[in-house]
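Geometric and topological summary
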Amino acid sequence: SYVLLVRGRDFAPTYSGGFYIEREEHTDVNVQLQKGGTLTGMVTDPNGNPLAGAKVTLRGRDYHEWNQNSILADSIGDPNNVPLITVKTDSKGNFLMDNAYPGEHQVEASHSNFLTTYAGISVMADRSNQVGEIRLEMGASIHGTVTTKSGSTAAGATVFLNLKDTNGGFFSRKALADAKGRFAYDGLQPG
């Protein structure tokens, strides 16, 4: 079973319908491209200061953060089949996303030091759609030092952080301990 993702200049990326291939040539896969919309907005920190380098991703209206932490995340994807588009904010916290797929969606804003935040947006084709300000909030932090049995620091040790949530999804991040054995995780959801 397959689907095609089709991208064309000045058009929104679009998935084909599903189709199945055995050993014959499959020639009836048609994809209708449509004009996308432009999304603009700003991502700020908890104090309202512009946040450079934040990641902004277009998601379907039914997408939840636990979708990406599921064991099957890579095969399930977005439940609304919204093609993945990601941009980063500039030095003034502004973002511009071209050719966003039209429809009722949400914008996911994330940064390694803050909690991921979602904002609903109605994307209209061939128009500029203003998202406005997305303010990220501080998350929890875990900091520590890795030592050996003898008490010396374990420079370069790999530290894994895992959370099994109630939705059956799995969260995993890894960090490398620095030369003094220190490691840190920031921007964590409670759990």
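The shown structure was predicted, so the numbers you read here are calculated from the model rather than taken from an experiment. (Residues numbered from 1 in each chain as written. Predicted model: local features only at pLDDT ≥ 70, side-chain atom pairs only at ≥ 80, totals over all residues. Heavy atoms only, no water.)

Moving on to the overall build of the chain. A count of helices and strands for the chain gives one helix and 13 strands. Along the chain, helices and strands appear, N-terminal first, in the series β-β-β-β-α-β-β-β-β-β-β-β-β-β. By residue count, 34% of the 191 residues in the chain fall in the buried class. Considering only intrachain contacts with a sequence separation of at least 6, the fraction spanning at least 24 residues in the chain is 59%. Roughly 11700 Å² of accessible area belongs to the chain as shown, and the carbon and sulfur atoms make up 49% of that amount. (Helix = DSSP H or I, 4+ residues; strand = E, 2+ residues; numbered from the N terminus. Buried < 20%, exposed > 50% of the residue type's maximum accessible area, 1.4 Å probe, protein only. Contact = heavy atoms within 4.5 Å. Areas by Shrake-Rupley, 256 points an atom, 1.4 Å probe, with all protein chains shown as cover.)

Attention now goes to the nonpolar core. Ranked by size, the top nonpolar core spans 21 residues in total, and within it L39, V43 and M97 carry the most contacts. Listing elements by their share of this core, those giving two or more residues are β3 (37–44), β4 (55–60), β6 (94–100), β7 (103–111), β8 (114–123) and β9 (128–135). With four residues, the top contributor of residues to this core is β8. The residues contacting M97, other than those within four sequence positions of it, are G37, T38, L39, V56, T57, L58, I85 and V87. One finds L161, A175, F183 and Y185 within the second-largest nonpolar core, a separate group that totals six residues. (Core = buried A, V, L, I, M, F, W, Y, C linked by side-chain atoms within 4.5 Å.)

Relative to the helices and strands, E22 resides in the loop between β2 (14–15) and β3. Judged by its relative accessible area of 57%, E22 falls in the exposed class.

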